Amino acid sequence: MNITGKARLKSPWLFHLNTGSCNGCDIEILAALTPRYDAERFGCMLVASIRHADILLLTGPVTTQMHERLLRVYEQMPEPKAVVAVGSCAVSGGVYTGSPVVDGPADKFMPVDVYVAGCPPRPEAIVKGILEALRKFR
Amino acid sequence: MDARNIDYEYSRLILPVGPVHPSLKEPVNLSVTVVNEEIVDVNVKLNYIYRGIEYLAERRNIAQTIYLVERICGLCSQAHSLTFIQALEEIANIQPPERAEFIRVICAELERIHSHMLLLGVVAYDIGLDTLFMYAFKSRETVMDLLEKISGKRVHHDLNTIGGVRFDIDEDLRRLIIKELKYVKRNLDYISEVLEDATVENRLREVGVLPSKIAEELSVVGPTARGSGLTKDVRFNRSYSVYRDYKNSFKIVVLKDGDCLARVKIRVLEVYESISLIETLLDNMPDTPIRIGERILKIIKRIPVGEAISIVEAPRGQLAHYVYTNGGEGLKRLSVRTPTIPNITAVKYMLMHRQIADIPVVFSSIDPCISCANRVTVTDAAKNKTIIVNLENLRRRM
Amino acid sequence: MVELIEVAAILAAIPLLILVSLLAEGLDRKIYARMQGRIGPPILQPLYDLIKLAGKERIIPVTAKRNIFIIAPYIAFLFSISALVIPAVTLISNLNFTGDLILIAYMMVTVTLMYIIGGAVSGNPYSSIGMSRAIVMMLAYEIPLLACFIMVAVKSGLTLGLYNIIMVQIESRQPLAFIYPSIALTAAVFLLCTPAAAEVQPFDIPVAKTEIIHGPLTEYTGLYLALFKLAKSNQTLLLNILSVILFFYPVFTPLNSNLLNLIIVLTIALIIRFFTVTIPRAVFARLRVTEALKLYWITASILILSAAILTGLGV
């Protein structure tokens, strides 16, 4: 493992994109950053610009409206990048399966590296998912 | 067009705030027209996460729809399912046991506490005070723990069912809730002290003012209306469930200023009221079963054709469900009116002639829940847009 | 031969200083996290971030002016590190040349200017707003900062060399801020300007995350972003070291004790950083840009004017 690879494991910067989730997963992602779970001790930081991100946290089944925007956001991310699908909706469509305006789940049209199941997953599970995604950078 | 006019046009900048923007947790687009850092026009576009929940609800049976309705919004899940179940119980003419109603209301109030805590945190985050955000979330976790102890889940509780609730609050849990709420109260004292801080006040006072006259015209609801001096609270005006008997154990909080600070303070004061209400309810819980004995799959078979409107006070304001059953385990129509819909129209008025720096905090101060709101807009405001995109999809499915 | 050794010392100081400025930032982040009741990132976190960013893909947007977009971070980094080397080398090897205070001031302004230029050529509306805010902020704090330099130069016997200013303090056996009340006022202005120059919470207006994404740096990726971040942390450390050298020099350490000297100054600089960067960041909400301008121009100009009047009176 070279030095860049080691540094990548230590500083995953996250970008959070909501593609039609019910808010539950989004708030749990926020909760993962707060004192109880404190993802920052692993170097995780929620960045504001997709240009700075390493890991895309994806919540929600991909709606038709967000489909194109999701792809655009994904293409704007600099390499190396990983995608973590957070929540049952992002993993499989969840309760929204069968809706005519839901195009997802996301892995139909883009690579997804880690699936974090749960409706919504607990913050611990989200942190674990992020750390699992880092194995891609080794 | 003369030279001066053209000049004016050039100094205009249309700033797309969203759909992917760090201060907005959910996709919503505010097209803000800016002239020299001053906002002159705002257009709100909501339909980004329209998922067709009403469409899905009309194609599933009622037992499945309960879980679907709960997932309309991750923050008011108890409020949504409570509304839906109340409407169903009215159609089916089922009276849930008294203890079930107590547990429902206790959970709804706990949810109000954690939702208001979230708003405090998000507003603090938007004005750049990360420390308050962390503190608010720290005490919010306590409430989340209580909800997890009651129902086994942190966000979507899956607590309500037709004719009762699925989880009971036993004596140990009752004592634990009272103890932990004291801790929340102590933290809240500290948070309200921080809100008195000069730099915080500076960012919130007289920002996004909504006078009570305008608020009445736009028919805003919930804490946004109460912040503008309107006495609007479904728990009082049209009380339901346990609130009928316990009107006196909590007060309706109304502030007259109509600015962001008033809206934030309302939340703090309402958490105190919720805590005192929960304590009273816990002390007076009747000793009845928590649900009627029948299985839910049998109950939904005997729900007749009928319609009902049920209104409750969700953390963000008045939430209404219109339910029309088809007599065969399913629904003919479900219509949801969420509090964010009237509130979000007020954002335009609040933001006019303010600075760019105020956009996030004003937008957060109404506590928008976009995932609730998207269900409704598809038929009116967003029609011309969505219909073009989805025509193929709709044809294929229908 | 002596010159060669000195050049070697300067070259050796550069990576050391980069490391120190990163560690200072890591310490700042750690303490900040502890104040919020979190465990916080490891102290080496900024170093990890830097190495990771350097190894990432570099994207140049089509709307950006390519050449300037690439050059701006390099210039910012070079100027910030050379500005940081000057006081360090003065402390280590007693290098003395007249006018280095002016050079430092010029380099500090250039770093901010590169920041602004980088935002201007990014071709992103948020970068443009960040740029215009950065210009306003620069006007707000750079002018009081330069006034502070002038006051110190006047009071320490019309000299512009750091070495001479240190010598004045050592000869009178007292830090400059404790000798004259006028310099004490100037020190207050200097410390007031530090959080704005470091772009931390109450004054992080140009990079306000929830308002304008990441201001001028929105479009920067990979190494370019790393260089800008490094330039910023270098500049913060430089300001802290300067506030020690100009106002609170530890007079009990003899100037010829080389590295020990630098270490003592750095320790005091870190303490000053805690009070001027970490604490405001944790306890204040962000100001609006107009309010920040008002604060700096009114408060700082009153303080500086009274300092100047005191200087005129000879105290």
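Residues numbered from 1 in each chain as written. Chains lettered and ligands numbered in written order. Predicted model: local features only at pLDDT ≥ 70, side-chain atom pairs only at ≥ 80, totals over all residues. Heavy atoms only, no water.

Turning to the overall build of chain A, a few remarks are in order. Looking only at helices and strands, chain A has 5 helices and 5 strands in total. The globule rule puts the C-alpha radius of gyration for 138 residues at 14 Å, and the 14 Å found for chain A is close to it. Looking at chain A as a whole, 70% of its 138 residues qualify as buried. Within chain A, contacts between residues at least 6 apart in sequence are counted, and of these 81% link residues at least 24 apart. As displayed, chain A has an accessible area near 4300 Å², and 52% of this comes from carbon and sulfur atoms. (Helix = DSSP H or I, 4+ residues; strand = E, 2+ residues; numbered from the N terminus. Rg over C-alpha atoms; globule rule 2.2 N^0.38 Å. Buried < 20%, exposed > 50% of the residue type's maximum accessible area, 1.4 Å probe, protein only. Contact = heavy atoms within 4.5 Å. Areas by Shrake-Rupley, 256 points an atom, 1.4 Å probe, with all protein chains shown as cover.)

Our next topic: the pairing of strand β1 (residues 13–18) of chain A. Consecutive residues of a regular strand have side chains that alternate between opposite faces of the sheet. Residues and elements named next belong to chain A. Burial analysis of β1 places 6 of its 6 residues in the buried class, the great majority of the element. Both faces of β1 are covered, namely the face carrying Trp13, Phe15 and Leu17 and the face carrying Leu14, His16 and Asn18. Pairing of β1 with strand β2 (residues 45–46), which is carried by 2 bridges, proceeds in the parallel orientation. Bridging across to β2, tryptophan 13 finds its partner in methionine 45. Two strands pair when backbone bridges link them, and β1 and strand β3 (residues 55–59) are joined in this way by 5 bridges, in the parallel orientation. Bridge assignment links histidine 16 to a residue of β3, and that residue is leucine 57. (Pairing = 2+ DSSP bridges.)

Time to look at the interface of chain B and chain A. Opposite the 45 residues of chain B that make contact, chain A presents 41 residues. The tally of links from chain B across to chain A stands at 3 salt bridges. Across the salt bridge formed by Glu28(A) and Arg154(B), the nearest N and O atoms sit 2.7 Å from each other. Summed over the shared surface of chain B and chain A, the result is 12 residue pairs in polar contact (both at pLDDT 80 or more). Those elements that place two or more of their residues in the side of chain B that touches chain A are α2 (53–57), α6 (130–151) and α17 (383–397) of chain B. Along the lines of polarity and charge, the residues of the side of chain B that touches chain A split into 23 nonpolar, 9 polar and 13 charged. (Salt bridge = Lys/Arg side-chain N within 4 Å of Asp/Glu carboxyl O. Polar contact = N/O pair within 3.5 Å; in protein donor to acceptor, adjacent residues only side chain to side chain. Nonpolar A, V, L, I, M, F, W, Y, C, P; charged D, E, K, R; others polar.)

Now for the sheet that holds β1(A). Residue and element names in this part refer to chain A. Spatially, the 5 strands line up as an open sheet ordered β2-β1-β3-β4-β5, and their pairing is parallel. The two strands at the open ends of the sheet, each matched to only one other strand, are β2 and β5 (114–116). Direction of pairing for strand β4 (residues 82–86) relative to β5: parallel, over a ladder of 3 bridges. Bridge pairing links valine 86 to valine 116 in β5. Contacting β1, β2, β3 and β4, helix α2 (residues 24–33) crosses the sheet at an angle of about 140° to β3. (Axes fitted to C-alpha atoms, helices over the stretch in contact; angles between N-to-C directions.)

The next thing to look at is the environment of Phe228(C). All names here are of chain C. The topology assignment puts phenylalanine 228 in helix α10 (residues 222–247). Residue classification places phenylalanine 228 among the buried positions, given a relative accessible area of 1%. Along the sequence, phenylalanine 228 and leucine 217 sit 11 residues apart, while their C-alpha atoms lie 8.2 Å from each other. Apart from the residues within four sequence positions on either side, phenylalanine 228 is in contact with Ala72, Pro73, Ala76, Met114, Tyr115, Leu217 and Tyr220.

Before going further, it helps to spend a moment on the packing of helix α4 (residues 100–120) of chain C against α10(C). Residues and elements named next belong to chain C. Here α4 crosses α10 at 150°, and the two axes come no closer than 11 Å. Classified by the interaxial angle, the pair formed by α4 and α10 is roughly antiparallel. Where α4 crosses over α10, the handedness of that crossing is left-handed. Contacts from Leu101, Ile104, Met108, Val111, Thr112, Met114 and Tyr115 of α4 reach α10 at Phe228, Ala231, Lys232, Gln235, Leu238, Leu239, Leu242 and Leu246. Across the contact of α4 with α10, the residue classes break down as 12 nonpolar, 2 polar and 1 charged. (Parallel < 35°, antiparallel > 145°, perpendicular 65-115°, else oblique. Left-handed = near helix turned anticlockwise from the far one by under 90°.)

Residues and elements named next belong to chain B. With antiparallel pairing, 3 strands are arranged side by side in an open sheet as β6-β7-β8. Two strands close off the open sheet at either side, each with one partner strand: β6 (306–314) and β8 (331–337). On average, each strand axis in the sheet is tilted by 15° relative to the strand beside it, whichever way the strands run. Bridging between β6 and strand β7 (residues 317–325) involves 9 bridges; their strand directions are antiparallel. Within the sheet, the bridge partner assigned to glutamate 313 lies in β7 and is glutamine 318. Relative to the sheet, helix α4 (residues 77–92) contacts β6, β7 and β8, its axis offset from that of β6 by approximately 150°.

A few words on the packing of aromatic side chains. Residue and element names in this part refer to chain C. One pass over the full model with this rule turns up 18 aromatic pairs over all chains. Seen from their ring centres, phenylalanine 149 and phenylalanine 190 are 6.1 Å apart, and the 45° between their planes marks the pair as tilted. Remark: phenylalanine 190 occurs in helix α8 (residues 181–198) and phenylalanine 149 occurs in helix α5 (residues 125–155); sequence separation between them is 41 residues. By relative accessible area, which is 5% here, phenylalanine 149 ends up buried. Among the residues examined, phenylalanine 190 registers a relative accessible area of 0% and is labelled buried. Site record: aromatic cluster; members linked through ring pairs are Phe69, Tyr74, Tyr115, Tyr220, Tyr224 and Phe228. Sitting over the ring of tyrosine 32, arginine 281 keeps its end group 3.9 Å from the ring centre. (Phe/Tyr/Trp six-rings, centres within 6.5 Å; stacked < 30°, edge-to-face > 60°. Lys NZ or Arg CZ within 6 Å of the ring centre and 35° of its normal.)

Take the confidence of the model for chain C next. In this model, chain C carries a mean pLDDT of 83, and residues with pLDDT of at least 70 account for 97%. The least confident element of chain C, judged by mean pLDDT, is helix α9 (residues 209–212) of chain C at 74; the most confident is helix α2 (residues 45–54) of chain C at 89. (pLDDT = per-residue confidence, 0-100.)

With that out of the way, let us pick up the nonpolar core. The nonpolar side chains of a soluble globular protein tend to be buried with one another. Judged by nonpolar contacts, the single largest core of 271 residues is most densely connected at Ile55(A), Leu56(A), Leu110(B), Ile113(B) and Ile162(B). The element best represented in this core is α10(C), accounting for 17 residues. Among residues more than four places away in sequence, those in contact with Leu110(B) are Val143(B), Leu146(B), Leu147(B), Ile150(B), Leu181(B) and Ile278(B). (Core = buried A, V, L, I, M, F, W, Y, C linked by side-chain atoms within 4.5 Å.)

What follows concerns the side chain of Ser139(B). All names here are of chain B. Position of serine 139 relative to the elements: it lies in helix α6. By relative accessible area, which is 0% here, serine 139 ends up buried. Beyond its immediate stretch of four places on either side in the chain, serine 139 contacts Met117, Val184, Asn187 and Ile191.

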